[in-house]
Amino acid sequence: MPFTPDDHHYMARALHLAERGLYTTDPNPRVGCVIVRHAAVVGEGFHVRAGEPHAEIHALVAAGTNAEGATVYVTLEPCSHTGRTGPCALALAEAKVARVVVAMVDPNPQVSGRGIRLLEEAGIQVDVGLLADDARQLNPGFIARMAHKRPFVRLKMAMSLDGRTAMGSGESQWITGPEARRHVQRLRARSSAVLSGVESVIMDDSRLTLRAEQLQLPNADEVVLRQPLRVILDTRLRLPLAAACLSAPGRTLILTTAAHAPEKRTKLEQAGADVQVLPAAEGGRIDLRQMLSWLAENEQVNELLVETGATLAGAMLAADVVDEMQLFVAPTLLGGEARPLFALPGLSKMADQRRLTIHDIRAVGQDWRIVASPVRD
């Protein structure tokens, strides 16, 4: 059946609710739910964090007996399996709702469509696809991990107006202003993990953490309790034992190819790091595609934020594993001796250039933010 203006209104409300879990649900998807009976909202909810009730359960509890005969609007297909919580599709069926409107089908191929079938077998009308694009934009990482077995990769870079990221000495703090840094903190907060190369971490002694005072969110103190996983690519285990990230809240995972350095690995683990040896690609560096698959499978990484220097950023672009770029441009000039934004090998003529699609450009304080994605064939 065609969707009505009321359907759009209530699904938009469900999507708004889902956004409230943007920084807390990982590794689960962000989901919102609204229950309507006789043109009135009788229950609503959103998924807050993994292991706690899903959005549908919160909404059903709020609705109580008013759920019978009601229409349910949910941003993701209700689950049909028992994990840390029971199946939401079964709970909706037991509540005797009349209709369920689903924004998008579960992207997990092992469960996709099962929740819908369970509802239909219970005699419930199910309509799918309302505001599906908006629902997908809420969960790019969950979709990428379920459908493609890798995270959604977001590359964040800060540069001067002349395209430089640091002085020739490596000094880089700070190019952008406090508003841009607050936005980056929120990018970290929504990410499962933050990735950097060891050279960048050594140069800046980066902590790669969330800080409540910079987030400036109403629930900032709660958000920082889930620090994103810090992932450092360190092929030769050069990270200093006194590196600030090793004593910061949360986990530091070092990915390396240095199986031949057991003593340094032991010392890093004693200093607080997890160390994982991955296969080396040509040239001895970590295979970036295998690394992403490993993070998805072993660490349940949905969204991966890459904050690094020109070499690793260029390598990730060359490997065609970047899904989105957020480039912050400061109104300053660093000069020709400063370091470039990307070290992209193999570009010798105009035909080799890497084209981008720009999705958004807007002011962030005194800086500009460009959201773009690489053009893929």
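Treat the numbers as computed from the prediction; the structure is a model and nothing was measured.

What to know about the overall build of the protein chain
Alright, step 1. Looking only at helices and strands, the protein chain features 13 helices and 16 strands.
Alright, step 2. Each principal axis of the C-alpha distribution contributes one length, and for the protein chain these read about 70 × 45 × 40 Å.
Alright, step 3. In the protein chain, 69% of the contacts between residues at least 6 apart in sequence involve partners at least 24 apart.
Alright, step 4. Just so you have it, the protein chain exposes about 17600 Å², and 50% of that area is on carbon and sulfur atoms.
Alright, step 5. In the protein chain, which carries 41 positive and 43 negative side-chain charges, the distance between the mean positions of the two groups comes to 3 Å.

Brief notes about the environment of Asn-66
Alright, step 1. Within the element layout of this structure, Asn-66 appears in the loop between helix H2 (55–63) and strand E3 (71–74).
Alright, step 2. For the pair Asn-66 and Val-329, spaced 263 residues apart in sequence, the C-alpha separation works out to 52 Å.
Alright, step 3. For Asn-66, the contacting residues outside a window of four places in its chain are Arg-37 and Val-42.

Points about the pairing of strand E13 (residues 324–330)
Alright, step 1. Here E13 lies mainly inside the structure; seven of its seven residues are buried.
Alright, step 2. Both faces of E13 are covered, namely the face carrying Glu-324, Gln-326, Phe-328 and Ala-330 and the face carrying Met-325, Leu-327 and Val-329.
Alright, step 3. The pairing of strand E6 (residues 152–160) with E13 spans seven bridges and is parallel. Opposite Met-157, over in E13, you have Leu-327 as the bridge partner.

Structural notes on H2
Alright, step 1. For H2, the set of buried residues is Ala-55, Glu-56, Ala-59, Leu-60 and Ala-63. Summarising the axial view, the buried residues of H2 lie within an arc of 130 degrees, below the 170-degree limit, and thus occupy one face.
Alright, step 2. Check the buried side of H2 and you find it contacts strand E1 (32–37), strand E2 (40–46), E3 and helix H3 (88–94).

A word on the side chain of Arg-188
Alright, step 1. By secondary structure assignment, the location of Arg-188 is in helix H7 (residues 178–190).
Alright, step 2. By relative accessible area, Arg-188 is classed as buried at 10%.
Alright, step 3. Of the polar contacts made by the side chain of Arg-188, one reaches the backbone oxygen of Thr-209; its length is 2.8 Å.
Alright, step 4. Excluding anything up to four places from it in sequence, Arg-188 contacts Val-194, Leu-208, Thr-209, Leu-210, Arg-211, Arg-226, Pro-228, Leu-305 and Glu-307.

Regarding the sheet that holds strand E9 (residues 229–233)
Consider a sheet: its strands pair through backbone hydrogen bonds, and that pairing is either parallel or antiparallel.
Alright, step 1. Strand order in this open sheet of nine strands is E11-E10-E9-E8-E12-E6-E13-E16-E15, and the pairing throughout is mixed. The sheet terminates laterally at strand E11 (273–277) and strand E15 (356–364), the two strands that pair on one side only. Each strand of the sheet is rotated relative to its neighbour by a mean of 25 degrees, with strand direction disregarded.
Alright, step 2. Relative to strand E12 (residues 303–307), strand E8 (residues 193–197) runs parallel, the two sharing three bridges. Note on E12: the bridge partner recorded for Leu-195 is Val-306.
Alright, step 3. Across the sheet, helix H11 (residues 262–270) lies against strand E10 (252–256) and E11, angled at about 145 degrees from E11, the strand it touches most.

Here's the deal with the UniProt feature "active site" (unreviewed entry) in the protein chain
Alright, step 1. Sequence positions flagged by UniProt for "active site" (unreviewed entry) are, in local numbering, Glu-56.
Alright, step 2. With respect to the helices and strands, Glu-56 occurs in helix H2.
Alright, step 3. Ignoring sequence-local partners within four residues, the contact set of Glu-56 consists of Cys-33, Val-74, Leu-76, Pro-78, Cys-79, Cys-88 and Leu-92.

Some details on the domain arrangement of the protein chain
Alright, step 1. By domain assignment, the protein chain separates into domain 1 (5–138) and domain 2 (149–374).
Alright, step 2. Each of domain 1 and domain 2 was reduced to a C-alpha centroid, and the two centroids are 34 Å apart.
Alright, step 3. Taken together, the two surfaces of domain 1 and domain 2 that pack against each other cover about 980 Å², and 43% of this comes from carbon and sulfur.
Alright, step 4. Of all residues in domain 1, the largest losses of buried area upon contact with domain 2 belong to Tyr-23, Asp-26 and Pro-27, amounting jointly to 60% of the total for that side.
Alright, step 5. In this assembly, domain 1 and domain 2 are joined by three salt bridges.
Alright, step 6. A salt bridge links Arg-49 to Glu-222; the nearest nitrogen and oxygen atoms lie 1.8 Å apart.
Alright, step 7. Where domain 1 meets domain 2, there are five residue pairs in polar contact (both at pLDDT 80 or more).
Alright, step 8. Here the side of domain 1 that touches domain 2 is composed, by residue class, of five nonpolar, three polar and three charged.

Description of the packing of aromatic side chains
Alright, step 1. Here the structure, examined in full by the defined rule, presents one aromatic pair.
Alright, step 2. On the basis of an interplanar angle of 40 degrees and a centroid distance of 5.5 Å, the ring pair of Tyr-10 and Tyr-73 is categorised as tilted. Within this pair, whereas Tyr-10 is found in helix H1 (residues 5–19), its partner Tyr-73 is found in strand E3, the two being separated by 63 residues in sequence.
Alright, step 3. Relative accessible area serves as the criterion here: at 10%, Tyr-10 is assigned to the buried category.
Alright, step 4. Of the residues examined, Tyr-73 reaches a relative accessible area of 4% and is grouped as buried.

About the thresholds
- Residues numbered from 1 in each chain as written.
- Predicted model: local features only at pLDDT ≥ 70, side-chain atom pairs only at ≥ 80, totals over all residues.
- Heavy atoms only, no water.
- Helix = DSSP H or I, 4+ residues; strand = E, 2+ residues; numbered from the N terminus.
- Contact = heavy atoms within 4.5 Å.
- Areas by Shrake-Rupley, 256 points an atom, 1.4 Å probe, with all protein chains shown as cover.
- Lys, Arg positive; Asp, Glu negative; His and termini not counted.
- Charge placed at Lys NZ, Arg CZ, Asp CG, Glu CD.
- Buried < 20%, exposed > 50% of the residue type's maximum accessible area, 1.4 Å probe, protein only.
- Pairing = 2+ DSSP bridges.
- Arc of directions from axis to C-beta.
- Polar contact = N/O pair within 3.5 Å; in protein donor to acceptor, adjacent residues only side chain to side chain.
- Axes fitted to C-alpha atoms, helices over the stretch in contact; angles between N-to-C directions.
- UniProt positions renumbered as here; feature names shortened; annotations may be inferred.
- Domains from an automatic or database assignment.
- Buried area = accessible area lost by both parts, 1.4 Å probe.
- Salt bridge = Lys/Arg side-chain N within 4 Å of Asp/Glu carboxyl O.
- Nonpolar A, V, L, I, M, F, W, Y, C, P; charged D, E, K, R; others polar.
- Phe/Tyr/Trp six-rings, centres within 6.5 Å; stacked < 30°, edge-to-face > 60°.

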